[in-house]
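An overview of the molecular structure
Listed below are the residues making up each chain.
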Amino acid sequence: MVCSLRAGANSVCGRGHAREGHTQEQRGALEVSRQSPIACWFSAMLYCFGGSVLSSLMLAEPPVGFLANSTNIFLASSIWYLVFYCPHDLVYRCFSFLPLRLMAAGMKEVTRTWKITAGIAHANSHFKNAWFVMVAVGWARGAGGGLISNVEQLVRGVWKPESNELLKMSYPVKVTLVGAVLFTLQHAQNLPIARHNLMFFYTTFLVVTKVTMMLTQSAISPFAPFEAVLGQMLFGWQQTPSKVKSEARVSSNGTSSGCDSAAGEASESIKKRQAKKTE
Amino acid sequence: MVCSLRAGANSVCGRGHAREGHTQEQRGALEVSRQSPIACWFSAMLYCFGGSVLSSLMLAEPPVGFLANSTNIFLASSIWYLVFYCPHDLVYRCFSFLPLRLMAAGMKEVTRTWKITAGIAHANSHFKNAWFVMVAVGWARGAGGGLISNVEQLVRGVWKPESNELLKMSYPVKVTLVGAVLFTLQHAQNLPIARHNLMFFYTTFLVVTKVTMMLTQSAISPFAPFEAVLGQMLFGWQQTPSKVKSEARVSSNGTSSGCDSAAGEASESIKKRQAKKTE
Amino acid sequence: MVCSLRAGANSVCGRGHAREGHTQEQRGALEVSRQSPIACWFSAMLYCFGGSVLSSLMLAEPPVGFLANSTNIFLASSIWYLVFYCPHDLVYRCFSFLPLRLMAAGMKEVTRTWKITAGIAHANSHFKNAWFVMVAVGWARGAGGGLISNVEQLVRGVWKPESNELLKMSYPVKVTLVGAVLFTLQHAQNLPIARHNLMFFYTTFLVVTKVTMMLTQSAISPFAPFEAVLGQMLFGWQQTPSKVKSEARVSSNGTSSGCDSAAGEASESIKKRQAKKTE
């Protein structure tokens, strides 16, 4: 049940992501979905299971492992099919309805916490108490789809080497990194807090931030002030706060991991497409 | 013996492939073979053993495993050397002789069947009854050189992100996918046919189609009608049959896996090159 | 102790490398270090531990293994931090002092020998007596940072598909390949020389060549005459010696692995940067 919801949330978010790409005049997902359903399917699977693929590669386990769970794949595939090829675009229009989008985005954030802790436990079973490995694998598992976005774009024939998630981190990737560090510290018992409490607070923070960002259509990262202070202290950054904010807005719009755009933007993209169709 | 023939067929096809690239005004294999023999050799090895490398990566086995069979490598390397660096281009001219090309192409198709079934059996030994994994590994093993063509081109300094084998599948990659699905279904005993019979019919189909395509210089995929029907039913494609055919012709010319060009084209490329040399 | 020296040498060389890229009007390391410290750090780690990552991938071992040695990572990271973010650029200026550069470069070459022999022994433990695998893994371990330079550049947002280390080998990559072949032959007892003697002579050759090249600011590879003869015999090259030399100069300047530039160039780059800052 939970699994199916997750797959659904991910697939829908993936479509939103792809749609955004389309409105940004890339070689978008809709074009690809017409031209080559296999590339479209593979791109969607990379978006849904990217964390699993990336962490498998990092720990030298079979990256095709995610295909072994046939139920998950069937489910994600059927949602992918309905979202992309349903007559009159019915399913996608339903999911563009704001409350449904909020619910899907919330569920996606809940699974993020599970993924991070699972990644850290998995890394710990391979490398005992190797902190850096735990952070890296937890991060990769939690934010996989974002981190390999260059590869996922390449499958769709889009190649943007000048930007990647390490150069311009989007908010979901940043918050996953913070989570991976926190849970690793907790695992090493350097944090005076129990694991389930940390999971509860972190998940609440994730969901609240996400829903707020979607409702207010704001793209200002809650970390922006901390980043500015840290950057000034450690790396000698000298940015005016206004510049930081506008930068955050741009980067978050440009490389967001999909569910950030509020319904307004989505309906706009639908309108655009309908216009195209009727031409 | 069989191995040596295979390596030979592959190497020669690789040269043909590279040659085609040359005539298409890419940074061709001949230029690379003058500039950096090591990049040329590595590119040829990727073309010959791409399926093995790709399926190893997928199952987290050492991708350098193909180098462990020194006999194979020596053989493929010597054929590579003769095809590229023989004085007066004698060896390549021999292989450009139509009957020899037909024989090499036929042998390549025969080994394709073996590779697919070997890949499926290998995947089954890692993931018991995981259908998707079996199809993926069988496909990767059978059509590896094609699927990683972007990487193989990158070694030669060519980078074409806007096209890959998932976006525009060439005929060999398509037919390998169909084969991988068929053999997986047979493995799961969902097909009322014995394995050796299926292998026989599939191989015959492969060889006959290939030889026909080479002799008639046609690039119309035998799957085109099925694709059109399926596309219309599942994905709402609305293409006129003539458009499908012309598209098939273009894609097959553009990204074919090497042995498709008939002797006419090959001799043309030789003439071009001779002209260049004499300048 | 030795480890720390190695990490230091590597980091400093990495900075030198990055700097060079900057003066060549790429999207240089300094710009990246301001924009995204994480991308800068990851790029530096790939430069330092690239050999380990690449050989792990080749032998299907966890490529994050290098992160498991926390001491090494802390050390490399602190040197990375000091080199890039020290106030008034003090640390980098110290390392730009010629004798210090010479010492760091010398140490880097000494560790190269160890890396090659370790790689060969490691490959031999996986594939018994597979010569090609031993050469490949030894080469990857010794020259890893160079071989994956395309990936390392991609992290910094730079993408140059038209050149890679296989197409235009730099001198360090070439000499590592020669070393990998020699040590593999010695391992198979085809060379009438004891292992420690070979190590001694090879290391001496490496250090002497490197120091000479740095002192004379020359970029002529000591292998150029051999290459010309071999190329003429095996691959039918017809180059005039002068052309070979000028080519060597260009390729070595263009894609050198970092420590080759003498102090003159480095101080020049510092001047340029200071000029930029004051603007």
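Reading the values: the criteria
Residues numbered from 1 in each chain as written. Chains lettered and ligands numbered in written order. Predicted model: local features only at pLDDT ≥ 70, side-chain atom pairs only at ≥ 80, totals over all residues. Heavy atoms only, no water. Helix = DSSP H or I, 4+ residues; strand = E, 2+ residues; numbered from the N terminus. Buried < 20%, exposed > 50% of the residue type's maximum accessible area, 1.4 Å probe, protein only. UniProt positions renumbered as here; feature names shortened; annotations may be inferred. Contact = heavy atoms within 4.5 Å. Buried area = accessible area lost by both parts, 1.4 Å probe. Polar contact = N/O pair within 3.5 Å; in protein donor to acceptor, adjacent residues only side chain to side chain. Nonpolar A, V, L, I, M, F, W, Y, C, P; charged D, E, K, R; others polar. Least-squares fit on C-alpha atoms with pLDDT ≥ 70 in both. Salt bridge = Lys/Arg side-chain N within 4 Å of Asp/Glu carboxyl O. Core = buried A, V, L, I, M, F, W, Y, C linked by side-chain atoms within 4.5 Å. Phe/Tyr/Trp six-rings, centres within 6.5 Å; stacked < 30°, edge-to-face > 60°. Axes fitted to C-alpha atoms, helices over the stretch in contact; angles between N-to-C directions. Parallel < 35°, antiparallel > 145°, perpendicular 65-115°, else oblique. Left-handed = near helix turned anticlockwise from the far one by under 90°.

Now for unusual backbone geometry. We note that asparagine 129 of chain A has phi near 60°; this positive angle belongs to a residue other than glycine. Within the secondary structure layout, asparagine 129 of chain A lies in the loop between helix H6 (98–126) and helix H7 (131–147). For glutamine 189 of chain B, which is not a glycine, the phi torsion comes out positive at approximately 60°. Under the relative-accessibility criterion, glutamine 189 of chain B is labelled exposed at 71%.

So, on to the UniProt feature "transmembrane region" (unreviewed entry) in chain A. All names here are of chain A. Sequence positions flagged by UniProt for "transmembrane region" (unreviewed entry) are, in local numbering, residues 38–60, 66–86 and 200–220. The span residues 38–60 carries 91% helix and 0% strand; its end-to-end C-alpha distance comes to 26 Å. For residues 200–220, the end-to-end C-alpha separation is 24 Å, with 81% helix and 0% strand making up the annotated structure.

This next bit is on the interface of chain A and chain C. Residue-level contacts link 22 residues of chain A with 28 residues of chain C. Each partner contributes to the roughly 2,100 Å² buried at the junction of chain A and chain C, and carbon and sulfur atoms together form 72% of this total. The three residues of chain A that bury the most area against chain C are Phe132, Leu167 and Phe235 of chain A, which together make up 31% of that side's buried surface. Counting every contact that joins chain A to chain C gives four residue pairs in polar contact (both at pLDDT 80 or more). Among the elements of the structure, helix H3 (37–58), H7 and helix H11 (224–235) of chain A are those that each provide at least two residues to the side of chain A that touches chain C. Split into classes, the residues belonging to the side of chain A that touches chain C amount to 19 nonpolar, one polar and two charged.

Turning to the relation of the copies chain A and chain C, a few remarks are in order. When chain A is fitted to chain C, the best match, at an RMSD of 0.0 Å, comes from turning it 120° and sliding it 0.0 Å along the axis. Taken together, the rotation and translation describe the operation of a three-fold axis. For chain A, the minimum C-alpha distance to the rotation axis belongs to alanine 60 of chain A and amounts to 3.3 Å. A different interface surface on each copy is seen, since only 9% of the contact residues of chain A are contact residues in chain C too.

Going through the model one piece at a time under the given rule, you end up with ten salt bridges over all chains. Residue arginine 112 of chain B pairs with glutamate 109 of chain B through a salt bridge whose shortest N-O separation is 3.1 Å. On the criterion of helical spacing, the pair formed by arginine 112 of chain B and glutamate 109 of chain B is a turn pair, its members being three residues apart in helix H6 (residues 98–126). Of the two residues examined, arginine 112 of chain B and glutamate 109 of chain B, each falls in the buried class. Salt bridges sharing partners connect three or more residues here, namely Glu109, Arg112 and Lys210 of chain A.

Side chains that are nonpolar tend, in soluble globular proteins, to be buried together. In terms of nonpolar packing, the biggest core is built from 174 residues, with Val133 and Trp139 of chain A, Val133 and Trp139 of chain B together with Val133 and Trp139 of chain C touching the most fellow members. Discounting residues that sit within four places of it in the chain, tryptophan 139 of chain C has contacts with Gly144, Leu147, Leu166, Met169, Val173, Thr176, Leu177 and Ala180 of chain C. Counting six residues, the second largest nonpolar core, distinct from the first, contains Leu154 and Trp159 of chain A, Trp159 of chain B together with Trp159 of chain C.

So, on to the packing of aromatic side chains. With the rule as written, the count across this model stands at 40 aromatic pairs over all chains. Here tyrosine 85 of chain A and phenylalanine 235 of chain B contribute two aromatic rings whose centre-to-centre distance is 4.6 Å and whose plane-to-plane angle is 55°, an arrangement assigned as tilted. With one member in each of two chains, tyrosine 85 of chain A in helix H4 (residues 70–85) and phenylalanine 235 of chain B in helix H11 (residues 224–235) form a pair that bridges those chains. Accessibility assignment for this pair places tyrosine 85 of chain A and phenylalanine 235 of chain B in one class, buried. Both rings, one in phenylalanine 74 of chain B and one in phenylalanine 132 of chain C, keep their centres 5.4 Å apart while their planes meet at 70°; by these two values the pair is edge-to-face. Placement of the pair is phenylalanine 74 of chain B in helix H4 (residues 70–85) and phenylalanine 132 of chain C in helix H7 (residues 131–147), with the two residues belonging to separate chains. Residue phenylalanine 74 of chain B is classed as exposed on the basis of its relative accessible area of 53%. What links up through ring pairs into an aromatic cluster is the set Trp80, Tyr81, Phe84 and Tyr85 of chain A together with Phe235 of chain B.

Here we come to the packing of H3 of chain A against H4 of chain A. All names here are of chain A. Remark: H3 packs on H4, axes separated minimally by 11 Å, with the N-to-C direction vectors making an angle of 120°. Between H3 and H4, the angle falls in the class oblique. In terms of crossing hand, the pair formed by H3 and H4 is right-handed. In this structure, H3 contributes Pro37, Cys40, Trp41, Ala44, Met45 and Phe49 to the contact, and H4 contributes Asn72, Ile73, Ala76, Ser77, Trp80, Phe84 and Tyr85.

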